[in-house]
Amino acid sequence: MDRPLPQCDHCRLPIPPADLVTSEHDGKTLNFCCHGCHGVYQLIHGAGLEDFYRRRDWREAGINPGVFERDFDPAEVEPHIRHLNEQQAEIHLLLDGIRCASCVWLIEKVLLRTPGVVDARINYGTHRLRLRFNPQQTDAAGLCRRIARIGYLPRPHTADAVRDRARRQQRSTLIRFGTAAFLSMQLMGYSIALYAGFFQGMGSGSKQIIQLLAALVTTPVVFYCGWPFLNGAWRSLRNRMPNMDLLIALGVLTAYGYSLFAMTRGAEVYFDTAAMIVTLILLGRMLEESARHRAASGIDRLLNLAPQTATRIDGNSEQMVPSSSLHPGDLVLVAPGERFPVDGALAGGSTEIDESALTGEPLPVCKRPGDRISAGTLNLTTAVTLRVTCISEDSFIARIARLVEEAQARRAPIQVLADRVAALFVPLVVSLSLATFIGWWLIGGNPVAGMLNAVAVLVIACPCALGLATPTAVLVATGQAARRGILFRGGDILERTGRLDTVAFDKTGTLTLGVPQVVELLPWRCSSEELLLTAATVEAGSSHPIARGILAAARNRNLPIPLRGGARTIPGQGVAADGPDGEIRVGNRAFQPHQIPAEIVNHGQAASEVHVSKGARYLGCILLTDCLRPEAAEVVDQLHAMGLRTVMLTGDRETSARAIAKQVGIDEIHAGLTPQLKAAWLHQLKATGQQLMMVGDGINDAPALAEAEIGCAMDGSTDIALENSDLVLTRPDLRRLVEAIMLSRRGLAIIRQNLGWAFAYNLVALPLAAAGQLLPIVAAAAMAFSSVCVVGNSLRLARRGPLPPRTQHSPGKVPCSVQP
Amino acid sequence: MLSSTLILIFLSLCIGTGAWLIFLWAVKKGEFDDMEGPKYRMLDDDPVSPAEEDDHADDD
């Protein structure tokens, strides 16, 4: 294009000459690319909202536009296509860049309007697209290109056996729970009839029929829905390790068996107990499984960061080959906008790469020949060749994925508390019921009555409310937490958060904002406005975080930034542009043609200096630094007040780590840690019995997040960090962390009380059962009362309790980055 | 009295079983696979897909 086309004043797109729509407003001529944009402008103008055009930010960061121009090779997508029949083929794609529901809407609509597409459906939770199309009318590579053109990156993906199995498992749990819930509801009707009959009297005929119906609906609940527990109980018996499953199976089976026996003798039945236990505990299992499922899809996404194909250079020709076939020593070509397929060393050309997906580090990193590059990072500026140093299986990212997987597999099973109680309780109850039987046999001389009473002891001892004690408290507490922007990934997380004694923080992006901000302007013989404006003019349009920092500062001072192009990026040095007064150079010290005056000194802790010169004049220096979160110090203080120890784990240098730690008041720092070392450090501490929480945001924190007792990530963290954390703060505000810990401490207290209640009622009924004096109505009442108490107690969590009042942001607070 | 109760119980079982079968069908069809998306999908202000448009055309 020789001459840039005029831009639409509404949407900023170039206007093809034939489509120009002009309009006069307040004496200015405005250009629009279509009547739609003109109409929208009039609407906005009519409502007195023209400020929108001044305030909106066109230079928002994002993936480099070059990314979306990449081509899709049919050979790359072909192996992932599944042909259903002549007319239809299906492909699963993993989409990069989906942020909200509108993205889902856009992609689906665009695809559905493409001829040849039969169906397009995106799973919002997993970012997976299922695309059905007619292979005779369109091809998969073309569809991928179409998705890429609207700004999302598709990656072909075949569903593997492991995930298929997980999904089948999830569905079967859902069906088991649904069935149990449905049958229990039916059963409840019959039970109420039977209770009423107990008080008002009931014909023995009707009673028998209703009991029979109750037995009918309970049988599938016990043997079909309860199968996982029966199976688990059998396994625990064989391993001689009494656990929760055994207690459940014992209670359910004895209640069921006893009721069947009692039915034949016209006595009272306990079918509802058996069904209720199974249903409630299945619900808990289901919630746990879906949390685990989400974690697994995080690993998928991580492994998929590295492209599966690479362009290998063989002598003079280039060839597309699968990444897994690359050997150390091969040369690979990587275009700007592509992710590196394998770990390697830069062989030719220098470029800037975006490592943020891996490290959470917002600044692009400049790489020169010989520098090491990790698979999965994004090439930003120029095409480079890479010498492969290790096979794709051993790449940094694959090793991280393996670490995460290991840590997840090693994670202790949930319901630790209930399991521990069960291990004590099962032998106790069994011996008590044995004692009852022997007592009645030897002292009373009546083995049949002894048998019945022994069973009654077993039934009454299995606390129905045990099934309720944890889930209800967890449900209410997590609901409360969600309202405050805190997401717990399950009940065990709540339990464990309440027991924490150490909190470990990552530095970049966690204690700091992760976005560089202008802290000081050092103008040299000019005004600070001129300095800032000159820098902003050149940096306008750049998505480099430093550029964004400078632009944000310029906007904060209401400086008008002219839109202009023609800036040249010199990797690792800066940006230059031609202006009326000569070349403007914005960049580091080495980039300046001038001698920098000795008065310009970086006194503070600022991490980056940006020097600005215009033609023959040196204008000065802008200092930027990654600022501390304004609430960080207050939060660390509160954590200390709660009796928690704080630690900082960072990959950064010792000096900068120490400076930050001093400002927020953290006790202990460990600097220069690799992801493996972070995880190892946590592992070591865990071995001493410490309950640890790790707060972090990058992929390099993922192993540590998975290894820690509790991993906590904040909004804005990388996908893999979010997926691997147990606790997610949905607002970028560390104070939520304090709230989360307080809430879970209260939750844990409530769970303990609940367990106490549940057992207390059952313990009162136990001697009655052993003595053979247990009236069925007393048993029913004990069960109902304990359940009501437990639920009521849990509901107390819903009241606004002694949580810290939300302190207002101080007025000087720097605005956080705008969330899309 | 008893027979009317029995009829009601039988009816409730039938209706319940119907609901249960619908539930099974929904699970098999994958209705529960995505628990996040649909709540946003309903906000889409554009319910008329080309297929539905055809349906409306038939109505006219």
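If you're wondering where the values come from, they're calculated on a predicted model, not measured in any experiment.

Draft legend 1. Representation of the packing of aromatic side chains within the structure. Residues and elements named next belong to chain A. Using the criterion set out here, one finds five aromatic pairs over all chains in the structure. Here Phe32 and Tyr41 contribute two aromatic rings whose centre-to-centre distance is 5.3 Å and whose plane-to-plane angle is 50 degrees, an arrangement assigned as tilted. According to the relative accessible area criterion, Phe32 is buried, its value standing at 0%. Both rings, one in Phe437 and one in Trp441, keep their centres 5.7 Å apart while their planes meet at 35 degrees; by these two values the pair is tilted. Note that Phe437 and Trp441 are positioned in helix α13 (residues 416-444) at a spacing of four residues, about one turn of the helix. A relative accessible area of 21% means that Phe437 is categorised as partly exposed. Members of the aromatic cluster, each reached through a chain of ring pairs, are Phe223, Tyr256 and Phe271. Its guanidinium or amino end placed over the ring of Tyr224, Arg176 lies 5.0 Å from that ring's centre, counting from NZ or CZ.

Draft legend 2. Region of interest: the nonpolar core. Residue and element names in this part refer to chain A. By size, the foremost hydrophobic cluster in this structure holds 45 residues, and its most contacted members are Phe505, Met693 and Leu737. When residues in this core are grouped by element, the largest group, eight residues, is from helix α25 (residues 735-770). Residues Phe177, Leu194, Cys225 and Ala274 belong to the second largest nonpolar core, which totals 41 residues.

Draft legend 3. Layout of helix α1 (residues 35-46) of chain A. Residue and element names in this part refer to chain A. In a regular helix each residue adds 1.5 Å, so 12 residues correspond to 16 Å; α1 covers 16 Å between its end C-alpha atoms and thus fits that length. Those residues of α1 that sit buried are Cys37, His38, Tyr41, Ile44 and His45. Each buried residue of α1 lies within a common arc of 125 degrees when the element is viewed along its axis, so the set occupies one face. Exposed and oriented more than 90 degrees from the buried face of α1 are His35, Leu43 and Gly46. Just beyond α1, the residue with positive phi is Gly48, at close to 70 degrees.

Draft legend 4. Summary view of the interface of chain A and chain B. Every contact between the two is made by 24 residues of chain A and, on the other side, 23 residues of chain B. Here chain A packs against chain B, burying approximately 2100 Å² in sum over the two surfaces, 65% of which is carbon and sulfur. A per-residue breakdown of the area chain A buries against chain B is headed by A:Tyr124, A:Arg171 and A:Phe182, which together make up 24% of the total. Mapped onto the side of chain A that touches chain B, the elements with two or more residues apiece are α4 (101-112), β5 (117-123), α6 (161-200) and α7 (204-225) of chain A. With nine residues, α6(A) is the single largest residue contributor to the side of chain A that touches chain B. In terms of residue class, the side of chain A that touches chain B is made up of 12 nonpolar, six polar and six charged.

Draft legend 5. Seen up close, the UniProt feature "transmembrane region" (unreviewed entry) in chain A. Residue and element names in this part refer to chain A. Per the UniProt record, "transmembrane region" (unreviewed entry) is annotated on residues 173-197, 209-234, 246-263, 269-287, 421-443, 455-477 and 754-771. Secondary structure across residues 173-197 divides into 100% helix and 0% strand, with the first and last C-alpha atoms of the span separated by 35 Å. For residues 209-234, the helix share is 96%, the strand share is 0%, and the end-to-end C-alpha distance is 33 Å.

Draft legend 6. Geometry of the UniProt feature "transmembrane region" (unreviewed entry) in chain B. The UniProt feature table records "transmembrane region" (unreviewed entry) at residues 6-27 of chain B. Regarding residues 6-27 of chain B, the helix share stands at 100% and the strand share at 0%, and the terminal C-alpha atoms are separated by 31 Å.

Draft legend 7. Representation of the pattern of salt bridges. Residues and elements named next belong to chain A. With the rule as written, the count across this model stands at 12 salt bridges over all chains. Its salt-bridge partner being Arg617, residue Glu530 comes within 3.4 Å of it at the nearest N-O pair. Remark: Arg617 occurs in strand β24 (residues 617-628) and Glu530 occurs in helix α18 (residues 528-539); sequence separation between them is 87 residues. Of the charged contacts, one joins Arg585 and Glu583 as a salt bridge, the two residues approaching to 2.9 Å between their closest N and O atoms.

Draft legend 8. Representation of the sheet that holds strand β13 (residues 365-367) of chain A in the model. Residues and elements named next belong to chain A. As summarised here, the arrangement of the three strands in space is β13-β12-β15, forming an open sheet in which the pairing is antiparallel. Edge strands, defined here as strands with exactly one partner in the open sheet, are β13 and β15 (378-379). Across three bridges, strand β12 (residues 351-354) lies against β13 in antiparallel orientation. Bridging from a neighbouring strand, Ile353 pairs with Val365 of β13.

Draft legend 9. Main features of the sheet that holds strand β21 (residues 574-579) of chain A. Residues and elements named next belong to chain A. Taken in spatial order, the six strands of this open sheet run β19-β24-β23-β22-β21-β20, and their pairing is antiparallel. Bordering the open sheet on either side are β19 (512-523) and β20 (568-570), each of which pairs with just one other strand. The sheet shows a mean angle of 20 degrees between the axes of neighbouring strands, taken without regard to direction. Two strands pair when backbone bridges link them, and β19 and β24 are joined in this way by eight bridges, in the antiparallel orientation. Note on β24: the bridge partner recorded for Val518 is Leu624. Strands in contact with α18 are β19, β21, β22 (582-587), β23 (608-614) and β24; relative to β24, the strand with the most contacts, it is inclined by about 80 degrees.

The rules behind these values
- Residues numbered from 1 in each chain as written.
- Chains lettered and ligands numbered in written order.
- Predicted model: local features only at pLDDT ≥ 70, side-chain atom pairs only at ≥ 80, totals over all residues.
- Heavy atoms only, no water.
- Phe/Tyr/Trp six-rings, centres within 6.5 Å; stacked < 30°, edge-to-face > 60°.
- Buried < 20%, exposed > 50% of the residue type's maximum accessible area, 1.4 Å probe, protein only.
- Helix = DSSP H or I, 4+ residues; strand = E, 2+ residues; numbered from the N terminus.
- Lys NZ or Arg CZ within 6 Å of the ring centre and 35° of its normal.
- Core = buried A, V, L, I, M, F, W, Y, C linked by side-chain atoms within 4.5 Å.
- Expected span 1.5 Å × (residues − 1).
- Arc of directions from axis to C-beta.
- Contact = heavy atoms within 4.5 Å.
- Buried area = accessible area lost by both parts, 1.4 Å probe.
- Nonpolar A, V, L, I, M, F, W, Y, C, P; charged D, E, K, R; others polar.
- UniProt positions renumbered as here; feature names shortened; annotations may be inferred.
- Salt bridge = Lys/Arg side-chain N within 4 Å of Asp/Glu carboxyl O.
- Pairing = 2+ DSSP bridges.
- Axes fitted to C-alpha atoms, helices over the stretch in contact; angles between N-to-C directions.

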